[in-house]
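Fold and geometry: a report
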Amino acid sequence: MLVYGIWMDANFTVKYTDIDYQVFTDAARYVFDGYTPYLRATYRYTPLLAWLLTPNIWFFNSFGKVMFIVFDCIVGYLLYEILVMRGLSSKRATMYSALWLLNPQVANISTRGSAESMIGAATLGCFYMLMQKQLDASAVLFGLAVHLKIYPIVYALPILLCLESRVFEGRPPTLESQQEEGNQRTGVATRFLKNWVNRYRVRFGVISALTFLLLNLVMYFIYGDQFIEETYLYHVTRKDHRHNFSIWFLPIYLDFKSASSGFISLASFVPQLLVVAVLGLKFGKDLPFAALVQTFAFVAYNKVCTAQALYLREAYAFEFLGQNKFVELWLCGVIMFICNNGILVSLLKNQKFVPLFNDKDGNLTKIDPDKHEKTA
């Protein structure tokens, strides 16, 4: 698909390569010449990405795409290793990891020049190290993932829920501890401190935060306030009125020049963060499933959501034929939103809750795929 994309770019009016890849490359050119990457309009990412893509300038233009493909392969490898650790046979783990490695949509995203595979590899690497109880390495990778893009911060809640003292120390819950947890006379603050604050959670939080802050301090020292504004604050305050799959685009578009448009843009975060937080709390100890449904909900409720489907017919008529298709585009988003929520509910109803670590000895809980499929 990489080779096909190069050919298509050279021979077709509609290009295979995503416009974001050109943005990345232009930013890398500025960095290579000693300037700030934010001279490139619409570059809203960490300068680290532009640094990594400087070989696009002095080596060959598709270097970044190859790098993203490599990270896709790393994700596939980590999926295989995690599944084997959870008790699947090598053959079965290979089959499931192939769902990622041989997925044409996954390959399309990387070969078009999206950097999402880097965030995926860092996040999955964090989970992999956590499952091996390599707490420091897990925390560093989590801090890196959040630096690359802020949204992996939503996984902090399920990760912290998995970091129980008895799990990492391999001791089962005692009768006394269970009674104390259920003792209503114990103060809320006391129960919180005893049950939730432990050295493993504190260590993970401190190391991941230091990793995130160190990377940010380096970037801030070099690029100043512009780094904070473009990389982080912009994504909070942005009023994205361009047509997209989000149910929020039309209200923001219709109110774009009014004082209330900023409020609508910020208000869109409330249901998104609320749903994601509830899912993290409810399913946190089943880390892989919690991360799945959190990601699914995060995208479904996001104020910017792009995809190729029914929407493209109306988008083509709007962009290329100049037809007024705003209501139709918004209705496509509403249909997509309803479908996504239906899928999310189906996932939640059919999931058999399996804690990542078992309470008896603190080891990884083994999965029986045949039993789970029969249950579903």
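The structure presented is a predicted model; accordingly, all values stated were derived computationally and were not measured. (Residues numbered from 1 in each chain as written. Predicted model: local features only at pLDDT ≥ 70, side-chain atom pairs only at ≥ 80, totals over all residues. Heavy atoms only, no water.)

**Brief notes about the overall build of the protein**
Each helix and strand in the protein was counted, giving 22 helices and zero strands. A buried classification covers 42% of the 376 residues belonging to the protein. Taking as baseline every contact in the protein between residues at least 6 positions apart, the subset at least 24 positions apart corresponds to 68%. (Helix = DSSP H or I, 4+ residues; strand = E, 2+ residues; numbered from the N terminus. Buried < 20%, exposed > 50% of the residue type's maximum accessible area, 1.4 Å probe, protein only. Contact = heavy atoms within 4.5 Å.)

**A word on the pattern of salt bridges**
Pairing of side chains with opposite charge becomes possible as their charged atoms draw close. As enumerated under the stated definition, the model contains ten salt bridges in all. Salt bridges here are not isolated pairs; linked through shared partners, they connect Asp26, Arg29 and Arg40. (Salt bridge = Lys/Arg side-chain N within 4 Å of Asp/Glu carboxyl O.)

**Overview of a nonpolar patch on the surface**
A cluster of nonpolar residues, Phe32, Trp58, Phe59, Phe60, Val66, Val70 and Ile74, forms a patch on the protein surface that exposes about 670 Å² of accessible area. With three residues, helix 5 (residues 63-85) is the single largest residue contributor to the nonpolar patch. Along the chain, Trp58 turns up in helix 4 (residues 55-58). Classification of Trp58 by relative accessible area gives exposed; the value is 52%. (Patch = residues over 30% accessible without salt bridge, like charges linked within 9 Å, V, L, I, M, F, W, Y side chains within 5 Å. Areas by Shrake-Rupley, 256 points an atom, 1.4 Å probe, with all protein chains shown as cover.)

**Digging into the packing of helix 8 (residues 116-131) against helix 9 (residues 135-148)**
Packing of helix 8 against helix 9 leaves a shortest axis separation of 8 Å and a crossing angle of 160 degrees. By the angle between their axes, helix 8 is roughly antiparallel relative to helix 9. Relative to helix 9, the crossing made by helix 8 is left-handed. Each of Met118, Ile119, Ala122, Thr123, Gly125, Cys126, Met129 and Leu130 in helix 8 lies in contact with helix 9, whose residues at this interface are Leu135, Ala137, Ser138, Leu141, Phe142, Ala145 and Leu148. Tallied by class, the residues present in the contact of helix 8 with helix 9 amount to twelve nonpolar, three polar and no charged. (Axes fitted to C-alpha atoms, helices over the stretch in contact; angles between N-to-C directions. Parallel < 35°, antiparallel > 145°, perpendicular 65-115°, else oblique. Left-handed = near helix turned anticlockwise from the far one by under 90°. Nonpolar A, V, L, I, M, F, W, Y, C, P; charged D, E, K, R; others polar.)

**Describing the packing of aromatic side chains**
Counted by the stated rule, this structure contains 19 aromatic pairs. Ring geometry for Tyr38 and Tyr223: centres 6.4 Å apart, planes at 90 degrees, overall edge-to-face. On the criterion of sequence distance, the pair formed by Tyr38 in the loop between helix 2 (19-32) and helix 3 (47-52) and Tyr223 in helix 14 (residues 199-223) is long-range, its members being 185 residues apart. The class of Tyr223 is buried, set by a relative accessible area of 14%. (Phe/Tyr/Trp six-rings, centres within 6.5 Å; stacked < 30°, edge-to-face > 60°.)

**Let's talk about the UniProt feature "transmembrane region" (unreviewed entry) in the protein**
Within this structure's numbering, the places UniProt gives as "transmembrane region" (unreviewed entry) are residues 57-80, 113-131, 137-163, 204-223, 263-281, 288-312 and 327-348. The straight-line gap between the two end C-alpha atoms of residues 263-281 is 27 Å; of that span, 95% is helix and 0% is strand. This span, residues 327-348, is 100% helix and 0% strand, and a straight line between its end C-alpha atoms measures 31 Å. (UniProt positions renumbered as here; feature names shortened; annotations may be inferred.)

**Some points on the confidence of the model for the protein**
Per-chain confidence: the protein averages 87 in pLDDT, with 88% of residues scoring 70 or above. Helix 9 holds the highest mean pLDDT among the elements of the protein, 97, whereas helix 12 (residues 175-181) holds the lowest, 52. (pLDDT = per-residue confidence, 0-100.)

**Here we look at the nonpolar core**
If you look at the biggest cluster of nonpolar residues, it comprises 64 residues, and the most contacted ones within it are Phe24, Tyr43, Leu49, Phe68, Phe127 and Ile159. Setting aside residues up to four positions removed in sequence, Tyr43 forms contacts with Val23, Phe24, Ala27, Pro37, Tyr38, Leu49, Ala50 and Glu230. Counting eight residues, the second largest nonpolar core, distinct from the first, contains Phe249, Phe318, Phe326 and Leu329. (Core = buried A, V, L, I, M, F, W, Y, C linked by side-chain atoms within 4.5 Å.)

**Focus: the packing of helix 5 against helix 6 (residues 90-101)**
The relative placement of two packed helices comes down to the angle between their axes together with the axis-to-axis distance. For the pair helix 5 and helix 6, interaxial distance at closest approach is 8 Å and the crossing angle is 150 degrees. By the angle class used here, helix 5 and helix 6 are roughly antiparallel. Handedness of the crossing formed by helix 5 with helix 6: right-handed. Of the residues in helix 6, those in contact with Asp72, Cys73, Val75, Gly76, Leu79, Tyr80, Leu83 and Val84 of helix 5 are Ser90, Ala93, Thr94, Tyr96, Ser97, Trp100 and Leu101. Of the residues belonging to the contact of helix 5 with helix 6, the class tally is ten nonpolar, four polar and one charged.

**Structural notes on the side chain of Ser117**
Within the secondary structure layout, Ser117 lies in helix 8. Take Ser117: its relative accessible area is 5%, and that puts it in the buried class. Contacts of Ser117, omitting those with residues within four sequence positions, involve Phe68, Phe71, Asp72, Val75 and Ser110.

**Brief notes about helix 14**
The α-helix advances 3.6 residues per turn, and as a result positions three or four apart in sequence lie on the same side. Compared with an ideal rise of 1.5 Å per residue, which puts 25 residues at 36 Å, helix 14 spans 35 Å between its outermost C-alpha atoms and is within 8% of the ideal. Residues of helix 14 that are buried: Tyr200, Arg201, Phe204, Ile207, Ser208, Thr211, Phe212, Asn216, Met219 and Tyr223. The N-terminus of helix 14 is capped by Asn198, whose side-chain oxygen sits 2.9 Å from the backbone nitrogen of Tyr200. Following helix 14 by one or two positions, Gly224 adopts a phi angle in the positive range, close to 70 degrees. (Expected span 1.5 Å × (residues − 1). Polar contact = N/O pair within 3.5 Å; in protein donor to acceptor, adjacent residues only side chain to side chain.)

**Concerning helix 21 (residues 326-350)**
With 25 residues, helix 21 extends 36 Å between its outermost C-alpha atoms, agreeing within 8% with the 36 Å of an ideal straight helix rising 1.5 Å per residue. Within the span of helix 21, buried status applies to Phe326, Leu329, Cys332, Gly333, Phe337, Asn340, Asn341 and Leu344. For helix 21, the secondary structure elements touched by its buried residues are helix 16 (249-254), helix 18 (269-283), helix 19 (287-300) and helix 20 (310-319).

**Focus on unusual backbone geometry**
Residue Thr42 is not a glycine yet carries a positive backbone phi of 75 degrees. The topology assignment puts Thr42 in the loop between helix 2 and helix 3. Within the chain, Lys133 stands out as a residue other than glycine whose phi angle is a positive 60 degrees. Its place among the elements puts Lys133 in the loop between helix 8 and helix 9. Judged by its relative accessible area of 28%, Lys133 is partly exposed.

**Let's talk about the environment of Val206**
Turning to its location among the elements, Val206 is positioned in helix 14. Considered as a pair, Val206 and Ala139 are 67 residues apart in the sequence and their alpha carbons are 8.4 Å apart.

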